[in-house]
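Chain by chain, the residues:
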Amino acid sequence: MKGSFPLVPSVFVYATVWGGLARQAGLSLGEIALMCLIVTAGASQFVAVPMIAAGFPPLAVIATTYVVNMRHYLMAATLAPAFRGFPRRWLALIAHGVNDESFALAVARRNPPDPWFFLGSVVAVYGSFIGGALVGSVLGGLVSDPARYGLDFAFPAVFLALVVVQLRRRGDWAVAGGAGLLALWIAWRFLGNWHIVVAGLVASGLGALIMRPEDA
Amino acid sequence: MRPGVLVTIVGMAAATYLTRAPLLLALSDRPLRPRLRLWLRLIPLAVLPALAIPMVLLRPDGNPALTPANPRLWGAIVVLALTAARANLLLSVAAGVVVVAILRHFGF
């Protein structure tokens, strides 16, 4: 677990921001705590909060969550060989711990990753994520008019920042820009709340067909 | 807890578990095929702008707000510029929020 201590402050702050924004978007403390405990996936929780606040139907939020979290397939497949020999019942529980930060740290250290290092990191990340979210949700209840301070803009701001740090190849820019424009057009021209899932899958699918597989 | 939100959160948890558990439990040694890996890497790159761009450029009534009088547009430009210049992520977001708050304060 010690090797993951450098992650703790950044995960804590990220979770505090999420908790504060979720509270201001109208989620109750119980809803925030439940989401942290059973979903425990930061990016998709950022995505879900403004959708819930805007009154999107549950199915649209759930489908969007699934698509945002599909990247876990990649991590789980990479981690799997490291967990050979573990009882399957444990693995069913350990699966809930797959997260970006622990994965990145464990793979950077050794490949195939050390399963015990990964598990220690999961404990550190989860503790700081849930602690940060609870602190944030209490603080968030203290601000009464979030739009006045531009806090509603924090959601798209986080999404845009997360995209920019992931852009690596020229094709990535086309996929990101194309998805944004397609979603804008769908949201403007059609009713309903499916522009995120449709534009996300179409743009990433086209990108995966057109780009070279080596760009993975 | 609101019943609709409870359904949403439980559904989110189930959907997320479905992305984590199957391939870990399969314990397969075979790596994913390159084009599948590429697609899985591109999905967040497509979903996040698909979410963000309409939030920035559409008004709550669903019509485009492609004018310089839209505070969110300037906030987005600041966030994109700062993250592209490799500024700290939370700092970039905070700067965007401050720009939006200032513009709103002056009535935009």
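Let us look at the structure shown here. Keep in mind the model is a prediction, meaning the values are calculated, not measured.

By size, the foremost hydrophobic cluster in this structure holds 97 residues, and its most contacted members are W18, F83 and F159 of chain A. Considering each element in turn, this core owes the most residues, 12 residues, to helix 2 (residues 34–57) of chain B. Excluding residues that lie within four positions of it along the chain, W18 of chain A makes contacts with I32, M35, C36, Q45, F46, V49 and A133 of chain A.

On to the packing of aromatic side chains, then. Residues and elements named next belong to chain A. Following the criterion strictly, the structure yields 8 aromatic pairs over all chains and no others. Where F83 meets F86, the ring centres are 5.0 Å apart and the plane angle is 75°; that geometry is what we call edge-to-face. Across the pair, exposure class does not vary: F83 and F86 are buried alike. Where F83 meets F118, the ring centres are 6.0 Å apart and the plane angle is 75°; that geometry is what we call edge-to-face. Pair noted here: F83 is in the loop between helix 5 (71–79) and helix 6 (88–94) and F118 is in helix 8 (residues 115–140), with a separation of 35 residues, a long-range link.

Every contact between the two is made by 95 residues of chain A and, on the other side, 69 residues of chain B. Regarding the contact of chain A and chain B, the summed buried area is about 7,400 Å², with carbon and sulfur atoms giving 76% of it. At the surface where chain A touches chain B, the tally comes to 4 salt bridges. Between R2 of chain B and E31 of chain A there is a salt bridge, with its nearest N and O atoms 2.8 Å apart. Linking chain A with chain B are 22 residue pairs in polar contact (both at pLDDT 80 or more), by the criterion used here. Sorting elements by how many residues they give to the side of chain A that touches chain B places helix 9 (residues 154–166) of chain A first, with 13 residues. Per-class residue counts for the side of chain A that touches chain B are 67 nonpolar, 17 polar and 11 charged.

The rules behind the values
Residues numbered from 1 in each chain as written. Chains lettered and ligands numbered in written order. Predicted model: local features only at pLDDT ≥ 70, side-chain atom pairs only at ≥ 80, totals over all residues. Heavy atoms only, no water. Core = buried A, V, L, I, M, F, W, Y, C linked by side-chain atoms within 4.5 Å. Buried < 20%, exposed > 50% of the residue type's maximum accessible area, 1.4 Å probe, protein only. Helix = DSSP H or I, 4+ residues; strand = E, 2+ residues; numbered from the N terminus. Contact = heavy atoms within 4.5 Å. Phe/Tyr/Trp six-rings, centres within 6.5 Å; stacked < 30°, edge-to-face > 60°. Buried area = accessible area lost by both parts, 1.4 Å probe. Salt bridge = Lys/Arg side-chain N within 4 Å of Asp/Glu carboxyl O. Polar contact = N/O pair within 3.5 Å; in protein donor to acceptor, adjacent residues only side chain to side chain. Nonpolar A, V, L, I, M, F, W, Y, C, P; charged D, E, K, R; others polar.

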